[in-house]
Amino acid sequence: MQSLELKYGCNPNQKPARIYREDGQLPLTVLSGKPGYINLLDALNGWQLVSQLRAATGLPAASSFKHVSPAGAAVAVPLSEAERRMYFVSPKTTLSPLAVAYTRARGADRMSSFGDFIALSDTCDLATAKCIKREVSDGVIAPDFDDDALALLKDKKEGAYTVLAIDPAYRPDELERRQVFGIWFEQKRNDIVLDEQVLRPIVTERKDITDEAKRDLVIALIALKYTQSNSVCYAQNGQTIGVGAGQQSRIHCTRLAGSKADLWHLRQSENVLSLPFLPELSRNDKDNAVEQYLADEPETSLYEDDAWKRYFTVCPKPFTHEEKKAYLSSVHGVSLASDAFFPFRDNIDRASRSGVDYIVQPGGSLRDDVVIEACNEHHIMMVCNSIRLFHH
């Protein structure tokens, strides 16, 4: 039996802690740092997510995990000029495809990604390592690392940054087990393949769907497979743009993910892209400033007691609620996936407000006809594929 001793479990009082396999070797190699219990939960879930994104799309993939749910996941779809500016990518910076995927994954919800654990589908190259080096992160897992990339990452956090290599050929046993309160649970591992073949049948009047929307629906589904339930995911441009995780109510998932998707779109507005940040402001402080600037009810108003002076060279013009609503009214082409059926039409009404044109969900509610009718009213295409994706 091979095992890896950990500093502690979920909390400092939970000692001893380790990971191990009863038969065979661990598929992990610690190249730098000392991973924690939650780090490894994030790493192993993230690795499964990105490797399945890679298989489904044929593109390099990356994820940003926090507390066993993805804050963001993406594949290597080229960045628009607005996206480069939103993600703080300098015009002079050349990004590899994997670096693009990571930039998208990290940029999906930068506030939630603070202190994340990163997963990469491909060998980490120097361009990707440079992107990681700039961010506050706990660690990264990938199948391999180029020498110069590894050297750069080993230097992060004064050598304490966790770098894990995983054997891409590793396959777990078909049955998985866990123990809760001294009782063993056992089930078949969720090895369902999610690709474009699961985007059927279409149950709405609208039947058309673009190749980009198919890709985004698959990305959202695979992200949900590794998100704490209940969960809903919005996706666009090859990435998640809003993940609503771990809510007991489906509509709360849809609202939470929708509000994050709205912020993702608003961050591309000229109001935000032209904010006059102080030159010495860190990326994390910029994230906080944008969050406060866009919030309808900010914790600290930028316009009280000259609070704006902490972030900006001049006082920015307010982005009013009416202006934000008008900006978001032009958003369209967003895809949405749900890990279980929609019990009421309110989810569809809320999704429509965030520019959703394509939905995939299992179906099976007593009110499926009402939900389908709502999609028809909003001219939304919806698939009901009978695939539930609960994850706990």
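Residues numbered from 1 in each chain as written. Predicted model: local features only at pLDDT ≥ 70, side-chain atom pairs only at ≥ 80, totals over all residues. Heavy atoms only, no water.

### A look at the layout of surface pockets
For the second largest pocket, the calculated volume is near 1,000 Å³. Lining of the second largest pocket is provided by 41 residues; of these, Ser259, Asp262, Leu263, Leu266 and Leu294 occupy positions nearest its centre. Of all the elements, helix 7 (residues 250-266) adds the most residues to the lining of the second largest pocket, at eight residues. Among the residues making up the lining of the second largest pocket, the classes are represented as 17 nonpolar, eight polar and 16 charged. (1 Å grid on protein atoms, 1.4 Å probe; cavity = no way out; pocket = protein on both sides within 12 Å on 5 of 7 lines; lining within 4 Å. Points joined across faces, edges and corners; volume = space filled by probe spheres on them. Helix = DSSP H or I, 4+ residues; strand = E, 2+ residues; numbered from the N terminus. Nonpolar A, V, L, I, M, F, W, Y, C, P; charged D, E, K, R; others polar.)

### What to know about the nonpolar core
Considering soluble globular proteins, one finds that nonpolar side chains tend to be buried as a cluster. Counting residues in hydrophobic clusters, the biggest one holds 67 residues, and the most contacted among them are Leu120, Val140, Phe145, Leu153, Tyr234 and Ile359. Apart from the residues lying within four places of it in its own chain, the contact partners of leucine 153 are Cys124, Ala129, Ile132, Val140, Phe145, Tyr161 and Val163. Residues Leu6, Ala17, Phe65 and Met381 belong to the second largest nonpolar core, which totals 44 residues. (Core = buried A, V, L, I, M, F, W, Y, C linked by side-chain atoms within 4.5 Å. Buried < 20%, exposed > 50% of the residue type's maximum accessible area, 1.4 Å probe, protein only. Contact = heavy atoms within 4.5 Å.)

### A short note on empty space enclosed by the protein
Following the criterion strictly, the structure yields one cavity of 30 Å³ or more and no others. There is about 70 Å³ of room inside the largest cavity. Sorting elements by how many residues they give to the lining of the largest cavity places helix 3 (residues 97-107) first, with four residues. Its residues placed into classes, the lining of the largest cavity shows four nonpolar, two polar and five charged.

### Digging into the environment of proline 316
Relative to the helices and strands, proline 316 resides in the loop between helix 9 (283-294) and helix 10 (321-328). Sequence separation between proline 316 and glycine 364 is 48 residues; the distance between their C-alpha atoms is 49 Å. Apart from residues no more than four positions distant in its own chain, proline 316 is found in contact with Leu275, Pro276, Tyr293, Tyr303 and Trp308.

### Some details on the environment of leucine 153
Along the chain, leucine 153 falls in helix 5 (residues 147-154). Distance in space between the C-alpha atoms of leucine 153 and glycine 139 is 9.1 Å, their sequence separation being 14 residues.

### Observations regarding the packing of helix 7 against helix 10
It is the contact of helix 7 with helix 10, at a shortest axis distance of 10 Å, that shows an interaxial angle of 90°. In terms of their interaxial angle, helix 7 and helix 10 are classed as roughly perpendicular. Listed contacts from helix 10 to Asp262, His265 and Leu266 of helix 7 are Lys324, Tyr327 and Leu328. For the contact of helix 7 with helix 10, the class distribution of residues is three nonpolar, one polar and two charged. (Axes fitted to C-alpha atoms, helices over the stretch in contact; angles between N-to-C directions. Parallel < 35°, antiparallel > 145°, perpendicular 65-115°, else oblique.)

### Quick word on a nonpolar patch on the surface
On the surface, Val180, Phe181, Ile183 and Phe185 cluster together into a nonpolar patch covering about 490 Å² of accessible area. Checked against the element boundaries, valine 180 lands in strand 9 (residues 175-180). (Patch = residues over 30% accessible without salt bridge, like charges linked within 9 Å, V, L, I, M, F, W, Y side chains within 5 Å. Areas by Shrake-Rupley, 256 points an atom, 1.4 Å probe, with all protein chains shown as cover. Salt bridge = Lys/Arg side-chain N within 4 Å of Asp/Glu carboxyl O.)

### A few points about the packing of helix 4 (residues 126-133) against helix 5
One way to put it is that helix 4 packs onto helix 5 with a least axis distance of 8 Å and a crossing angle of 10°. Relative to helix 5, the element helix 4 is oriented roughly parallel. Here helix 4 and helix 5 pass one another in a crossing that is right-handed. Every residue of helix 5 that contacts helix 4 at Leu126, Ala129, Lys130, Ile132 and Lys133 is listed here: Asp148, Ala149, Leu152 and Leu153. (Left-handed = near helix turned anticlockwise from the far one by under 90°.)

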